[in-house]
Amino acid sequence: MAKDENRKELAHPEYWNQRYASAEKESKDGSAAMASFEWLRTFANLRPFFEKYLPAASIGYHILHLGCGNSTLTADLYALGYTNQTSVDFSQVVIDAMIMKHSNLNTCWLVMDVRDLQLPDASIDVAIDKGTLDAMIHGSLWDPPDDVKDNVGKYANEVARVLKPGGQWFSIT
Ligand SMILES: C[S@@+](CC[C@H](N)C(=O)[O-])C[C@H]1O[C@@H](n2cnc3c(N)ncnc32)[C@H](O)[C@@H]1O
């Protein structure tokens, strides 16, 4: 496991901007789209879970991706008919890359901190986190440091605020 000091960095946009800028440089000629990187599980692994728990695409529910990174999840769900999606991340670098890469999708990509969601109350049906909560956690799980309690508390309050009554929060961690 990474040293605690290293894990702490994951809660800061500077870390992610640098990481995604390196990923961009590694793309073949600089103009190619940033390659995707999938944390924890691929869509193929998760598909049975989504098929079981996500409401049918035809309902048109609004899905919010919390810390979308350069995952394929938004595009994969779009291909299944989930066209009403908003994907947010606090890394400007990755959001710029995703806007360019997925210009064919009619979805919304926004630079936004999940601890301070610039979205109206009760506006989201399904919120999905894959690996974002993990990026906020370091130190002891039994006695978390103050910054972890503060970040996780703000995040949970914001998700609760933007979810409609009866809305769902999927946390893949
Ligand atoms: C471990 S990666 C997971 C990326 C993607 N969800 C996936 O499954 O591949 C965590 C992502 O969360 C973003 N992130 C971390 N803290 C955030 C915050 N407070 N607000 C918005 N995005 C955040 C990072 O920029 C990074 O893209």
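Up top is the structure these notes are about.
A short tour of the structure in this document, coming up. Please read these numbers as outputs of a predicted model, since none were measured by experiment. (Residues numbered from 1 in each chain as written. Predicted model: local features only at pLDDT ≥ 70, side-chain atom pairs only at ≥ 80, totals over all residues. Heavy atoms only, no water.)

## Notes on the site of the ligand
The ligand sits among 19 residues. The nearest are Tyr-20, Gly-67, Asp-89, Val-114 and Lys-130. A distance of 2.6 Å is found between an oxygen atom of the ligand and a side-chain nitrogen or oxygen belonging to Asp-89. At 2.9 Å from a nitrogen atom of the ligand is found a main-chain nitrogen or oxygen belonging to Val-114. Here the ligand has 590 Å² of accessible area as a free molecule, and 98% of this is covered by the chains. Its residues placed into classes, the shell around the ligand shows nine nonpolar, five polar and five charged. (Near = heavy atom within 4 Å. Polar contact = N/O pair within 3.5 Å; in protein donor to acceptor, adjacent residues only side chain to side chain. Areas by Shrake-Rupley, 256 points an atom, 1.4 Å probe, with all protein chains shown as cover. Nonpolar A, V, L, I, M, F, W, Y, C, P; charged D, E, K, R; others polar.)

## Some remarks on the pairing of strand β4 (residues 124–130)
In terms of burial, β4 is largely enclosed, as seven of its seven residues are buried. Relative to β4, strand β1 (residues 63–66) is paired through four bridges, and the arrangement is parallel. Its bridge partner being in β4, His-65 is matched across the sheet by Ile-128. With six bridges connecting them, β4 and strand β5 (residues 163–172) associate as parallel partners. Paired with Ile-124 across the two strands is Leu-163, which belongs to β5. (Buried < 20%, exposed > 50% of the residue type's maximum accessible area, 1.4 Å probe, protein only. Helix = DSSP H or I, 4+ residues; strand = E, 2+ residues; numbered from the N terminus. Pairing = 2+ DSSP bridges.)

## Looking at a negative patch on the surface
On the surface, Asp-4, Asp-143, Asp-146 and Asp-147 cluster together into a patch of negative charge. Looking at the element boundaries, Asp-147 is found in helix α7 (residues 146–162). (Patch = residues over 30% accessible without salt bridge, like charges linked within 9 Å, V, L, I, M, F, W, Y side chains within 5 Å. Salt bridge = Lys/Arg side-chain N within 4 Å of Asp/Glu carboxyl O. Lys, Arg positive; Asp, Glu negative; His and termini not counted. Charge placed at Lys NZ, Arg CZ, Asp CG, Glu CD.)

## Some points on the packing of helix α2 (residues 13–26) against helix α5 (residues 92–101)
In helix packing, the relevant descriptors are the interaxial angle and the interaxial distance, both defined with respect to the helix axes. The geometry of α2 relative to α5 is characterised by a closest axis approach of 7 Å and an angle of 40° between their N-to-C directions. The angle between α2 and α5 falls in the class oblique. Residue-level inspection shows Asn-17, Tyr-20, Ala-21 and Glu-24 of α2 in contact with α5, the latter providing Gln-92, Val-93, Val-94 and Ala-97. (Axes fitted to C-alpha atoms, helices over the stretch in contact; angles between N-to-C directions. Parallel < 35°, antiparallel > 145°, perpendicular 65-115°, else oblique. Contact = heavy atoms within 4.5 Å.)

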